[in-house]
Structures are given as structure tokens and as C-alpha cells.
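Next come the chains, spelled out residue by residue.
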Amino acid sequence: MPAPSIAQLLGTQLPLIQAPMAGAQGSAMAIAASNAGALGSLPCAMLSADAMRAELEAVRSATGGRPFNVNFFAHHAPTPDAQREAAWRKALAPYYAEFGIDPAGIAGGAGRNPFSDAAADVLEDFKPAVVSFHFGLPSEDLLARVRKWGSKVLSSATTVEEAQWLAARGVDAVIAQGLEAGGHRGHFLSHDLSRQMGTFALLPQILKAVKLPVIAAGGIVDAATIRSAMAMGAAGVQVGTAYLLCPEATLSAPHRAALSGSDAAHRHTALTNLFTGRPARGIMNRVMRELGPISDAPPEFPLATAAFAPIRAKAESQGSGDFSPLWSGQNASGCKAIGAEELTRELAAAFQSP
Ligand SMILES: Cc1cc2nc3c(=O)[nH]c(=O)nc-3n(C[C@H](O)[C@H](O)[C@H](O)COP(=O)(O)O)c2cc1C
């Protein structure tokens, strides 16, 4: 018997989630996906409270009561460590010199914030149908606030243990994030990357271990990959990379260029911690080759970003993606430069009986 679909749980027409992608999309993509019957997602990890309110107002007013997802990171904000910051800036020194940047003028800072009471204060005015988290869950008090206003809660699991941990804390569904996935790995119990699995290894093991709907994510880009995940027992799918060439995506020009072109679907991707301090999958570029892709030099997530920012900005102003996070999953073959509403309708065909 097929698993009950997450469409019922989430109130959507389709068991399909447009993956939240911080820094790569905002309200426009969430609106397009929700209006085409999927669950559109608004990523909030990089938004101030005011920007978040404006984006939420835009989504609410353009989706006519259809459900949407609001996504947050749930990491523990680290204490800045002056020694590690100095070591990181030393590793980047040749690039400061190359681009004529004075490192003394670079401010520190986080750039990505975990879910907080301030974010919950804004969210409470909107009471979205779904709230999803990456890197675990926020504190029990914060989670209780979200539950009180009736939102369904989802979070990413990258191992069986993480799925069980999330199930024990009462999430409504687990997102099984396979190693193919673009962007940050959502792991939060163990930082040992050798424990990370591909989607089709992870999904069946999580399905066996928890009695919850499981959403497959990572490498799912078209009708064939959606049908495979659903046939294995997924209750739904979450698709990220395939949406990256839609006009609604807010990619830098070099990022869009790296994903375009005839051989783009076969680009070499790797996990790298250089851009933020945590492993994330992106297209291989110069700085990943020269400093990593995984290195001990960056400070704890998300503190690596600030020291990098002026180098990235300079390079991008010269049309180069050598120092930009070019987030992409391993399977970019579904990327199409068509509207997110049209892409969602194409993906929807996977759920119709043949
Ligand atoms: C550009 C980009 C940014 C991402 N940012 C987030 C994020 O802010 N929050 C989150 O929960 N997941 C984020 N992810 C991970 C996705 O939710 C999802 O796990 C992944 O896209 C699925 O694999 P795929 O890229 O192969 O479709 C991001 C992925 C990409 C490609």
C-alpha cells in the first residue's frame, strides 16, 4: 500500500515541497510554487525581522490562503573566538592582497541567525501552515510557541539517529536529506561526514526506523526521480537544485552561469565548509580547490562568512565565481530556465497515474 501522502498533512494539492534555499530565493519563488499546488518555502536564515515580515506579507497576500512553509536554521549561535578568526584571516591573506582589500576594515558577524523569540514574534502574526528547520530543532520553549499556533513542524535528518531524535521530539514529518543535496548538510548529532548517506540509502533506513511520514530530498529533479522516491515509500519529496535556474531564484550572475550551459548538469560538486564554517554542497571553484574543499581553518558556523565577503564581492564585480558559494546538488540535470510555477506543474505530472 502506498504511504499516505504529505499533501493531506500539509494541506497542499501535491506531496511536493519547493525546498527552502536561503540566499537563493525569497517570496517570489515560494508564491509561484504554492500557487502551482506544491508547498512553497520562504527561507528566513538570512533575513532581519523587518525583511522577514515584508516577505511573509508578500507570500500571504499572493497565495490566497494556500499553505506555505517558513524555514529556519536551528544551530547554536557560537561564541566568537578571536584566535580562530585571526587564523582564518591569515589563510585568506593572499586573496586580500590579490584584490587590494584591507582586512582591518572587515567587520565580523554572523550573517545567518538561528530561530529566536524575535523571529517567533514576527511569525506569530502569520501562523504559517508549516514551519521547517535545518540543523535540528530550536529549544523546547520556542518549539512550543510554534506548535501553539498550529503550524506543522518538519526538520531535516541526515542519519537514522537524527530521524529518531526528531521523531522523539514530536515533529510531524522528517525530511530525509541525502548526500546528493545542494546547500548545507542538515546534520546535527554527529559532525562525522562519513556517516552521511545518499538519498536511496538513507530513505529506506529512516522509513524502517520511524513511524512518521518521510520526505525524500537530494537528487530529486524530475518525474522519474520523484516516482522512484515515492515507490520506495516516501510520503513526499523536497526539490531544491532543480529550481535554481528559475527566474525567481536570486542567484549571483556567476552562480547562474555555472548552472547554465550545455555541460552544466555534469558540473563537479563537493562539500565545502569554507564559505560558512559548515559543510555545504556547491560547484567546485578556485577557492575550494586552493583551500579545501574541507579545511580546519574556518571558524565555527556561521562565522566564516564575514571575512570572506569582501573577496567574494570583488571577484563577483569582475564577473568571477571563484570565491562565491555556488550551491548545487549533485544532480543539476533538472534545472530549467522556466518560471517556478511552470516547473512545479511539470514536476506535478509525476504524481498523476499513468
Ligand atoms: C542554494 C541552496 C540553499 C539551501 N538553503 C537551505 C535553507 O536555507 N534551509 C534548508 O532547510 N535547506 C536548504 N537547502 C537544502 C534544501 O532544503 C534541500 O535539502 C536540497 O536542496 C535537496 O537536494 P537537491 O538540491 O538535490 O534538490 C538549500 C539548498 C540549496 C541548493
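Residues numbered from 1 in each chain as written. Predicted model: local features only at pLDDT ≥ 70, side-chain atom pairs only at ≥ 80, totals over all residues. Heavy atoms only, no water.

*Asks:* Could you clarify how one ought to interpret the site of the ligand in this entry?
*Replies:* Around the ligand lies a shell of 19 residues, among which Asn71, Gly219, Gln238, Gly240 and Thr241 are the nearest. Residue histidine 134 places a side-chain N or O atom 3.4 Å away from an oxygen atom belonging to the ligand. A distance of 2.9 Å separates an oxygen atom of the ligand from a polar atom in the side chain of glutamine 238. If the ligand stood free it would expose 600 Å²; the protein chains cover 98% of that surface. Taken together, the elements giving at least two residues each to the shell around the ligand come down to strand E3 (68-73) and strand E9 (236-239). (Near = heavy atom within 4 Å. Polar contact = N/O pair within 3.5 Å; in protein donor to acceptor, adjacent residues only side chain to side chain. Areas by Shrake-Rupley, 256 points an atom, 1.4 Å probe, with all protein chains shown as cover. Helix = DSSP H or I, 4+ residues; strand = E, 2+ residues; numbered from the N terminus.)

*Asks:* What am I meant to see in unusual backbone geometry here?
*Replies:* With an omega dihedral of 10°, the bond running from glycine 292 to proline 293 counts as a cis peptide bond. As for its position among the elements, proline 293 is in the loop between helix H11 (286-291) and helix H12 (304-317). With an omega of -5°, the peptide bond between phenylalanine 301 and proline 302 qualifies as cis. Tracing the backbone shows proline 302 in the loop between H11 and H12. With a phi angle near 40°, lysine 127 is a residue other than glycine that sits in the positive phi range.

*Asks:* So what exactly am I meant to see when it comes to the side chain of glutamate 248 here?
*Replies:* Tracing the backbone through its elements, the reader meets glutamate 248 in the loop between E9 and helix H10 (253-259). In this structure glutamate 248 is buried but unpaired, with arginine 256 as the nearest side chain of opposite charge at 7.6 Å. At 3.1 Å, the side chain of glutamate 248 forms a polar contact with the backbone nitrogen of alanine 340. Apart from residues lying up to four places away in sequence, glutamate 248 is in contact with Ala28, Met29, Ala32, Gly339 and Ala340. (Buried < 20%, exposed > 50% of the residue type's maximum accessible area, 1.4 Å probe, protein only. Lys, Arg positive; Asp, Glu negative; His and termini not counted. Salt bridge = Lys/Arg side-chain N within 4 Å of Asp/Glu carboxyl O. Contact = heavy atoms within 4.5 Å.)

*Asks:* How should I be thinking about the domain arrangement of the chain in this particular structure?
*Replies:* Frequently, the measure chosen for interface size is the accessible area that the parts lose on association. Assigned domains within the chain: domain 1 (1-77 + 113-244 + 332-354) and domain 2 (79-110 + 250-327). For domain 1 and domain 2, the distance between their C-alpha centres works out to 26 Å. Contact residues are listed per partner, giving 22 residues for domain 1 and 18 residues for domain 2. Buried area between domain 1 and domain 2, both sides added, is near 1700 Å², and the carbon and sulfur share of it is 60%. (Domains from an automatic or database assignment. Buried area = accessible area lost by both parts, 1.4 Å probe.)

*Asks:* Before we go on, may I ask you to explain the nonpolar core in this structure?
*Replies:* Soluble globular proteins tend to pack their nonpolar side chains together in the buried interior. Formed by 75 residues in total, the largest nonpolar core has its most connected members in Leu56, Phe72, Phe115, Leu123, Phe133, Ile206 and Tyr243. It is helix H2 (residues 27-35) that contributes the most residues to this core, 5 residues altogether. Here this core spans two domains, since at least three of its residues come from each of domain 1 (1-77 + 113-244 + 332-354) and domain 2 (79-110 + 250-327). Sequence-distant contacts of phenylalanine 133, defined by excluding residues within four places in its chain, comprise Asn71, Phe72, Ala74, Phe115, Pro138, Leu143, Val153, Leu154, Ser155 and Ser156. Counting 21 residues, the second-largest nonpolar core is a separate cluster that includes Trp88, Ile101, Ile311 and Phe323. (Core = buried A, V, L, I, M, F, W, Y, C linked by side-chain atoms within 4.5 Å.)

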